[in-house]
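An overview of the molecular structure
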Amino acid sequence: MEQVKQIVHEHYDPEASKIGMWLFIFTELLLFGILFVIYSVYRYMNHDAFHLAAEELDTYVGAVNTVILLISSMTIAMSTTSLQKKKTKETLILCGVTLVLGIVFLVNKYVEWGGKFDHGIFPGSEYLVANFSQGEILFFGLYFIMTGLHALHIIIGLILIVTVMWRVYAGKVHAGRPVLLENSGLYWHLVDIIWIFLFPLFYLII
Amino acid sequence: MSSSGIQHEASYLEYKGKYTGLLGWIFSTDHKRIGLLYLYSMTVMFLVGVVLGLMMRFELLAPGKTVMDAQAYNATFTVHGVIMIFMVVIPGLPAVFGNFFLPLMIGARDVAFPRLNLLSWWFYVAGVMLVLSALLFGPGTPDTGWTFYAPYSFRTGTNLLPAIFGAFVLGFSSILTGLNFLVTIHRLRCPGMKWTKLPLFVWTLYGTAWIQLLATPVVGITLVLIALERLFAVGIFDPALGGDPILYQHLFWIYSHPAVYVMILPALGVISEIIPTFSQKHIFGYKAIIASTMAIAFVGYLVWGHHMFTAGMSGTAQYYFSLLTFLVAVPSAIKVFNWISTMYKGSINVQTPFLWAVSFIFVFMIGGLSGLVLGALAANIYVHDTAFVVAHFHYIVFGGTGFAFFGAIHYWYPKIFGRMYDKSWANIGWVVFFIGFLTLYTPMFYLGLMGMPRRYYDYLSEFHGGNILATVGSWLLATGLIIIIANLIRSARKGEIVERNPWNSKTLEWVVPSPPPVENFDEIPVLGEQDGPYNY
């Protein structure tokens, strides 16, 4: 009886993974929630300045990006369904579409940020301090922080999707074990819904 | 309760997996090994913090400059605070004893996400390294205090960025641990382990995990904002650009007050385990203790404003925060009543863990009652930012969490290492430590009431007597600490080998052999109707 038990039990509990993901999403919501609180406080204190500053942003680009993210949320949801139906190729294509849409969103964002930088509107710029009121500086500070943090989450989401696609391709994620795809989908929806709040706060409310 | 402890299975200490030696530890996903990894890394950081504390006390031995100037003193209390808060007491009990005993106590083989668990330890180490790099490299040791208050935190020329980033990473580690525990408690309780049969330590870990999860992101993003302020001057907390430094204080304390409950709740849980075991009696008011645990976790989330009574806040807000602060005292008092009632007519066995538990109740009560002095608006204005606050805080966090930590290590030591420490040396260590603790912190109450401010390297000659006493106390405390730690280290190899249940406790971790086998339970235990964690 010298046989020492060395194999650690394989433990697979999709329910646990889902609870874990939802809890993680709570923490993400709080992370952004605090930024929304700061936004509300400063909007209340600098109402007119926020109104002025918001007119500098291009509603058209913002709206296009909103549509892009909404469609990408749809495609990732569809990929989950096609995985359940055991259509691996379709799953990969839908994930790929999501990936492309996410990249297009980032490109748009890059062009938009770049335009602001060209006009001297970026944190710490002398032009900003010289030509804008304190409220407007706060608005742009929050704009760059919140959309920047959101863009970072998009990038993390894209990395997740690439990982999932690889695992689907390798057969590690399949109809019997869909949790990784489902959780990545949840994360992508979270990123999407945060944008749904960011868009009106910065572009629409004036 | 069924369990078949088969002796031939390797214990977690001897187990040889894919890696051996040190790698077998730092790449192990076994919750018991991770618990010990935390224990060792945390002990090292704790000792660093203690040395810094001793240096501060030595500086305060006499008025004027004794060994360090103002800048060095500022850096010392900052680093002491950052290390002790973020690396020792916040992760402390959950990361060490939670990791080790949570799965054992609920009859599981491991936590829900073992690899995530190892990842959180790695995050912990990374955070520690980052903070230490702020001390060793760059233009100077951070001098803002552990609170990183704006606007000084982005005006100071010292090397603050790595420290802030380190605190952020440590927060991430804390979130992952909390998340892991929540899922574990929800999914991995053994059959028959109803919520009303959970050991109280597990209940407090549950409450703590929720706070870790819901409060830590707040400080995470706030620290990121401070870093962005330093790097890019975004203006969020900079009054020169329209930002509001008071808002920083709010956001910081929205996390950092609940963090105090992250520190103290598991400590209350440990005491709730020790007292019934050494009284050999069912815990008094099991459900009341659970309710008070959850009440503390909930109300503790809403009292942050009492750190800012002098910072500029509306009168209405002050009333609410003061009232809520008083409310938190109620569930804490309920627990004390329950512990005392548990002892009443019990068969008390005075062992080292019990001594720690009883002295915990003593210092926790003094700490808690002095907290009411600080929670009362009028009294707070008088003692705000004095040595009184330092005394109160250390009575709660060192006297509370620290004593519970020592109680826990003496209580679970035979389970962790399968050996018993030298009991008489352990008791001597406790006596010296306890006397040292009282001598160190009690004079600070009086000094604070006399008006001695905190965070100064110098003081008026009126305060000399009290400061001498406190410094002598710090030497006593250090002596006690050396005795305790030396005894524990020695006994891990040379201590007497013990049975699986030396204290005759009823919780599940005592059912398995000491030290526990790799997989904890050969067969997952099943609790019957009569079984329970405190059914003596």
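Numbering of residues starts from 1 in each chain and follows the order in which that chain's sequence is written. As they are written, the chains are lettered A onward and the ligands numbered 1 onward, keeping that order. The model is predicted, so local features are restricted to residues of pLDDT at least 70 and side-chain atom pairs to those at 80 or more, both for listing and for counting; the totals for chains, interfaces and linings are taken over all residues.

**Brief notes about the overall build of chain A**
In terms of regular secondary structure, chain A is built from seven helices and zero strands. When the helices and strands of chain A are read in sequence order from the N terminus, they spell out α-α-α-α-α-α-α. Only C-alpha atoms enter the radius of gyration, while the globule expectation follows 2.2 Å times N to the 0.38, with N the number of residues. Computed over C-alpha atoms, the radius of gyration of chain A comes to 21 Å, more than 25% over the 17 Å expected from 2.2 N^0.38 for 206 residues, which places it beyond the range of a compact globule. Overall, the C-alpha framework of chain A stretches about 80 × 40 × 25 Å when taken along its three principal axes. Here a helix means four or more residues in a row that DSSP labels H or I, a strand means two or more in a row labelled E, and each is numbered from the N terminus.

**Things to note about the packing of helix 3 (residues 59-84) of chain A against helix 4 (residues 88-118) of chain A**
Residue and element names in this part refer to chain A. Contact geometry of helix 3 with helix 4 gives a least axis separation of 8 Å together with a crossing angle of 165°. One element, helix 3, and the other, helix 4, form an angle in the roughly antiparallel class. Where helix 3 crosses over helix 4, the handedness of that crossing is left-handed. Among the residues forming the contact of helix 3 with helix 4, the class breakdown is 14 nonpolar, nine polar and three charged. Comment: axis = line fitted to C-alpha atoms, over the contacting stretch for helices; angle = value between 0 and 180 degrees taken between N-to-C directions. Comment on the angle field: the value is read as roughly parallel under 35 degrees, roughly antiparallel over 145, roughly perpendicular from 65 to 115, and oblique elsewhere. Note: crossing handedness is left-handed where the near helix turns anticlockwise from the far helix by less than a right angle, and right-handed where it turns clockwise. As a working rule, the residues Ala, Val, Leu, Ile, Met, Phe, Trp, Tyr, Cys and Pro are called nonpolar, Asp, Glu, Lys and Arg charged, and the rest polar, with Gly in that last group.

**Things to note about the interface of chain A and chain B**
One frequent convention defines the size of an interface as the accessible area lost when the parts assemble. Two residues qualify as a contact pair if the distance between their C-beta atoms, derived from the backbone, is within 7 Å. At the junction of the two partners, chain A supplies 30 residues and chain B supplies 33 residues. Contributions of two or more residues to the side of chain A that touches chain B are made by helix 1 (14-45) and helix 6 (134-169) of chain A. The element contributing the most residues to the side of chain A that touches chain B is helix 1 of chain A, with 14 residues. For the side of chain A that touches chain B, the per-class residue count stands at 18 nonpolar, nine polar and three charged.

**What about the nonpolar core?**
The biggest cluster of nonpolar side chains holds 211 residues, and the ones touching the most others in it are Val-202 and Ile-271 of chain B. Beyond its immediate chain neighbours, meaning those up to four positions away, Val-202 of chain B contacts Leu-102, Met-105, Ile-106 and Ile-185 of chain B. Nonpolar core, as used here: buried Ala, Val, Leu, Ile, Met, Phe, Trp, Tyr and Cys residues forming one set through C-beta atoms within 7 Å. Working definition of burial: number of other C-beta atoms within 10 Å of the residue's own, with buried at 20 or more, exposed at 12 or fewer, and partly exposed in between, all C-beta atoms being placed from the backbone.

**Some details on the packing of helix 4 (residues 92-105) of chain B against helix 9 (residues 245-279) of chain B**
Residue and element names in this part refer to chain B. Two numbers describe how helix 4 lies on helix 9: the axes approach to 8 Å, and their chain directions differ by 40°. In terms of their interaxial angle, helix 4 and helix 9 are classed as oblique. Seen from helix 4, the contacting residues are Gly-92, Leu-93, Pro-94 and Gly-98; seen from helix 9, they are Met-263, Pro-266, Ala-267 and Val-270. Its residues assigned to classes, the contact of helix 4 with helix 9 shows six nonpolar, two polar and no charged.

**A short note on unusual backbone geometry**
All names here are of chain B. Here the amide bond leading from Ala-150 into Pro-151 is cis, since omega sits at -5°, within 30 degrees of zero. Residue placement: Pro-151 occurs in the loop between helix 5 (114-136) and helix 6 (152-155). In this structure, Pro-515 follows Ser-514 across a cis peptide bond, with omega equal to -15°. Positive phi is not limited to glycine here, since Gln-280 has a value of about 50°. As for its placement among the helices and strands, Gln-280 is situated in the loop between helix 9 and helix 10 (286-299).

**A closer look at the environment of Ala-227 of chain B**
Residue and element names in this part refer to chain B. Summarising the element assignment, Ala-227 is placed in helix 8 (residues 200-232). For Ala-227, a count of 19 C-beta atoms within 10 Å gives the class partly exposed. Taking the C-alpha atoms as reference, Ala-227 lies 6.3 Å from Leu-161; in sequence the two are 66 residues apart. The contact partners of Ala-227, leaving out residues within four places of it in the chain, are Leu-161, Ile-164 and Phe-165.

**Some details on the environment of Ser-322 of chain B**
Residue and element names in this part refer to chain B. Take Ser-322: it is sitting in helix 11 (residues 315-343). Taking the C-beta count within 10 Å as the criterion, Ser-322 has 20 such neighbours and is therefore assigned buried. Spatially, the C-alpha atoms of Ser-322 and Phe-148 are 24 Å apart, while their sequence positions differ by 174 residues. Once you skip the residues sitting within four places of it in the chain, Ser-322 turns out to touch His-306, Gly-375, Ala-376 and Leu-377.

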